[in-house]
Amino acid sequence: MFTGIIEEIGIIQSIKKNNKSSVLSIQGKKIFEDIHIGDSISVNGVCLTVTTFSNKTFTADVMNETLSRSSLGSLKNGSYVNLERAMSSSGRFGGHIVSGHIDGTGRIIKIKRDDNAIWYTIIVEDSLIRYIVEKGSVAIDGISLTIANVNKNSFSVSIIPHTSQETILSHRLVGDIVNIENDVIGKYVEKLITFEKNKKDESNITMDFLINNGF
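Just so we're clear, the structure is a prediction, and the values are computed from it rather than from any experiment.

Undergrad: Honestly, the side chain of Arg85 in this entry has me stumped. Any pointers?
TA: Along the chain, Arg85 falls in strand E6 (residues 80-85). Taking the relative accessible area as the measure of exposure, Arg85 reaches 17% and is therefore buried. Polar side-chain contacts of Arg85 include one of 2.6 Å to the side chain of Glu7. Here Arg85 is in contact with Phe2, Glu7, Lys30, Ile31, Glu33, Asp34, Ser40 and Ile41, once residues within four sequence places are set aside.

Written as structure tokens, this is what we have:
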């Protein structure tokens, strides 16, 4: 599990492409303070497993399913990526619950400066926009962000200077594809409601129960 608080910006050193998969070699600094074979590292919001590491560089396998659901397939040598190690039991929960399992991708359609902030507007498919809630949370390329505005098929976030400087958002341009992970809470609530409607036996989890308990 991750929190969406990016630890550093890494650099793609090499990409070995197979028929339907790839092996990424990624250079970093801070994450190597505590890294082991088998560790989970969020790379642009995608949970990858460390297979080897040396000289501030680690490798990770990317399967076909991941390539088809995320933007990792468009990475090139020299591309910048957001890096975050899995949350430790003693860490602060500064963002929100981020699983590292991408729901899909979005495309940046507008970037606008607003004094010291920067607004990013991202268009997504209907399957993703249904979980986008104003003032709710979303992970964009692994970054925990608050949704400022929602339209029919797009949403906007307002970025403070620190977030822009410490993540790859400062390198993003209009037309770029970004990874989107919706807030897991909304998906679980929807599953519970759908399950309740389809099952025959009575359940204590009802729409009234969810509303009365703050959902």
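Undergrad: I'm lost on the UniProt feature "domain: Lumazine-binding" (unreviewed entry) in the protein in this one. Help?
TA: Within the UniProt annotation, "domain: Lumazine-binding" (unreviewed entry) is assigned to residues 1-96 and 97-193. Here residues 1-96 is 6% helix and 43% strand, with 10 Å between the C-alpha atoms at its ends.

Undergrad: In this structure, what is going on with the pairing of strand E9 (residues 137-140)? I would like to understand it.
TA: Each regular strand displays side chains that alternate between the two surfaces of the sheet. Of the pairings in the sheet, the one linking E9 to strand E10 (residues 143-150) comprises four bridges and is antiparallel in character. Residue pairing for E10: Val138 is matched across the bridge by Leu145. Here E9 hands over to E10 after two residues, with Asp141 in that stretch at a positive phi of 50°. Relative to strand E12 (residues 177-182), E9 is paired through three bridges, and the arrangement is antiparallel. The residue of E12 that forms the bridge with Ile140 is Ile180.

Undergrad: Help me out: how do you make sense of the nonpolar core in this one?
TA: Counting residues in hydrophobic clusters, the biggest one holds 20 residues, and the most contacted among them are Val138, Ile140, Leu145, Phe155 and Ile180. When residues of this core are traced back to their parent elements, those giving at least two are strand E8 (117-123), helix H2 (126-129), E9, E10, strand E11 (154-159) and E12. Apart from residues no more than four positions distant in its own chain, Phe155 is found in contact with Tyr120, Thr121, Ile122, Val124, Ile129, Ile132, Val138, Ile140, Ile147, Asn149, Val150 and Ile180. Ranked by size, the runner-up nonpolar core spans 19 residues in total, among them Leu24, Ile35, Ile41 and Leu83.

Undergrad: Looking at this model, I keep getting lost on the environment of Ile129. Mind explaining?
TA: Within the fold, Ile129 resides in helix H2. Sequence spacing of Ile129 and Ser154 is 25 residues, and the spatial spacing of their C-alpha atoms is 7.0 Å. In this structure, Ile129 is in contact with Val124, Val150, Asn151, Lys152, Asn153, Ser154 and Phe155, ignoring residues within four places of it in sequence.

Cut-off values and rules
- Residues numbered from 1 in each chain as written.
- Predicted model: local features only at pLDDT ≥ 70, side-chain atom pairs only at ≥ 80, totals over all residues.
- Heavy atoms only, no water.
- Helix = DSSP H or I, 4+ residues; strand = E, 2+ residues; numbered from the N terminus.
- Buried < 20%, exposed > 50% of the residue type's maximum accessible area, 1.4 Å probe, protein only.
- Polar contact = N/O pair within 3.5 Å; in protein donor to acceptor, adjacent residues only side chain to side chain.
- Contact = heavy atoms within 4.5 Å.
- UniProt positions renumbered as here; feature names shortened; annotations may be inferred.
- Pairing = 2+ DSSP bridges.
- Core = buried A, V, L, I, M, F, W, Y, C linked by side-chain atoms within 4.5 Å.

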